[in-house]
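An overview of the molecular structure
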Amino acid sequence: MQQSNRSADLIRDLYRQDTGYVFAKKPEEIAKEFGFAEVARLASNENPFGPSPRALKEAEKALCSMHRYPDTTHTNLISALRRYHGDYSFVTGVGMDGVIETCIRVLINPGDQVAISTPTFSFYGLAAAAQGGDVTHIPRNPDFSVDIPSFIASARKAKISFLCTPNNPSGTVTPVSDIEEILKNIDGILFLDNAYVEFSPVDYRDLMNRYDNLIIGRTMSKVFGLAGCRVGYAFVPDWFRPVYEKAATPFTLNTISAAAAVGALEDHEYIDRTIAYVKKWRDIFTKESGKTILPSGANFVMIDVTPLTGDQATDFFAQNGVLVRSCRSFPGLADHYIRVCIGEEWENNRFIEVFRRL
Ligand SMILES: *Cc1c(COP(=O)(O)O)cnc(C)c1O
């Protein structure tokens, strides 16, 4: 076949640049490189307990119908969400990432404004750019609280704005009153990313009853232990649900993952145990790291590793069999932070031991 200039001719500029989602290094690579039988996996904020037994059981049952297309309305999952949360409007997607992408597809034409409270999870910006959105980043205050007046000023011009609380990677929790202040002052949508909210003392759900410009994104990947299943959902205003369903890829969420999610939502013992365990270890990590750690409402902490850079500290941990996340790839964040999540007991203990030698 003739070698051509296809990549230059066909591919959008956006995807010819060296940008995109930055993944943590693979544990297998580190284990091999530095000679560890097992690496402590503390870079991806996963649930350390393995899957919920009830999720496994429901997924197993669902295997027998894998020759059928999924129920597009995911009636069982929506019912399970209602039992868990109460009577709200829900949409589902392939991870919360899938939900974010579909929300942007509903709202953003090329050139439309998107506002993002930064530094934060990078996917909002990537998904907005993919749709041709014009992204404005609104820097947080030095203590990582949201600069509410600046955020409102930009969000007033945007069709959709993103705010993550507890924030990834800082762990910062934004008070409900601040969110309400934002909602009162904007006409566009506020997408509140609550991926870690179960680990925090705040609850934003009641705002859904009072504002019709709020979407609350949730995920089954963290406290519910289903990161590999790719199930996300959101609380949406009633008016938004039908258009979301129109814009979504047909048959996104698969039957087996949806069934696993139903089981996970019913396993209160597993959920409570996870939350209690994370809080216990978050306190221990906080005591260990003193002033270098930021207060966190999530299942991870962000640690200031000055005078090292995030990459240098991450390399040191890797050499000692611990996988942590360098925060270098988070736009708008100074380059001296790492993010560490709560893992299994042995993983946490190894982290503390190596941290003392850092
Ligand atoms: C993990 C995470 C998500 C989404 O996770 P999915 O696995 O796609 O459901 C969304 N937002 C933040 C801030 C996250 O950390």
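Everything that follows concerns the structure shown earlier in this document.
Keep in mind the model is a prediction, meaning the values are calculated, not measured.

Each value, and the rule that gives it
Residues numbered from 1 in each chain as written. Predicted model: local features only at pLDDT ≥ 70, side-chain atom pairs only at ≥ 80, totals over all residues. Heavy atoms only, no water. Patch = residues over 30% accessible without salt bridge, like charges linked within 9 Å, V, L, I, M, F, W, Y side chains within 5 Å. Areas by Shrake-Rupley, 256 points an atom, 1.4 Å probe, with all protein chains shown as cover. Salt bridge = Lys/Arg side-chain N within 4 Å of Asp/Glu carboxyl O. Helix = DSSP H or I, 4+ residues; strand = E, 2+ residues; numbered from the N terminus. Buried < 20%, exposed > 50% of the residue type's maximum accessible area, 1.4 Å probe, protein only. Pairing = 2+ DSSP bridges. Phe/Tyr/Trp six-rings, centres within 6.5 Å; stacked < 30°, edge-to-face > 60°. Lys NZ or Arg CZ within 6 Å of the ring centre and 35° of its normal.

Together, L10, I11 and Y15 make up an exposed nonpolar region whose accessible area comes to about 330 Å². Within the fold, L10 resides in helix 1 (residues 6-10).

By the criterion of burial, strand 12 (residues 337-341) is predominantly enclosed, with 5 of the 5 residues buried. Of the two faces of strand 12, the one holding Y337, R339 and C341 and the one holding I338 and V340 are both buried throughout. Relative to strand 12, strand 9 (residues 300-304) runs antiparallel, the two being bridged by 5 bridges. Along strand 12, the bridge assignment pairs I303 with I338. Two elements, strand 11 (residues 325-326) and strand 12, share 2 bridges in a ladder whose sense is antiparallel. Paired with S326 across the two strands is I338, which belongs to strand 12.

Scanning all chains against the criterion turns up 17 salt bridges. One continuous salt-bridge network, built from bridges that share partners, spans R54, R83 and E266.

This part takes up the packing of aromatic side chains. Across all of its chains, the model carries 20 aromatic pairs by this definition. Measuring from centroid to centroid gives 6.4 Å for Y88 and F90, while their planes differ by 70 degrees, and the two rings are edge-to-face. For the pair Y88 and F90, one class covers both residues: buried. Taken together, a centroid distance of 5.9 Å and an interplanar angle of 80 degrees make the contact between F144 and Y337 edge-to-face. Taken together, the residues span a long stretch of sequence, with F144 in the loop between strand 4 (134-139) and helix 7 (148-155) and Y337 in strand 12 at a distance of 193 residues. Feature note: the residues W281, F285, F316, F317, F351 and F355 constitute an aromatic cluster, connected by ring pairs. The cationic tip of R273 hangs over the ring face of F49; the distance from NZ or CZ to the ring centre is 4.7 Å.

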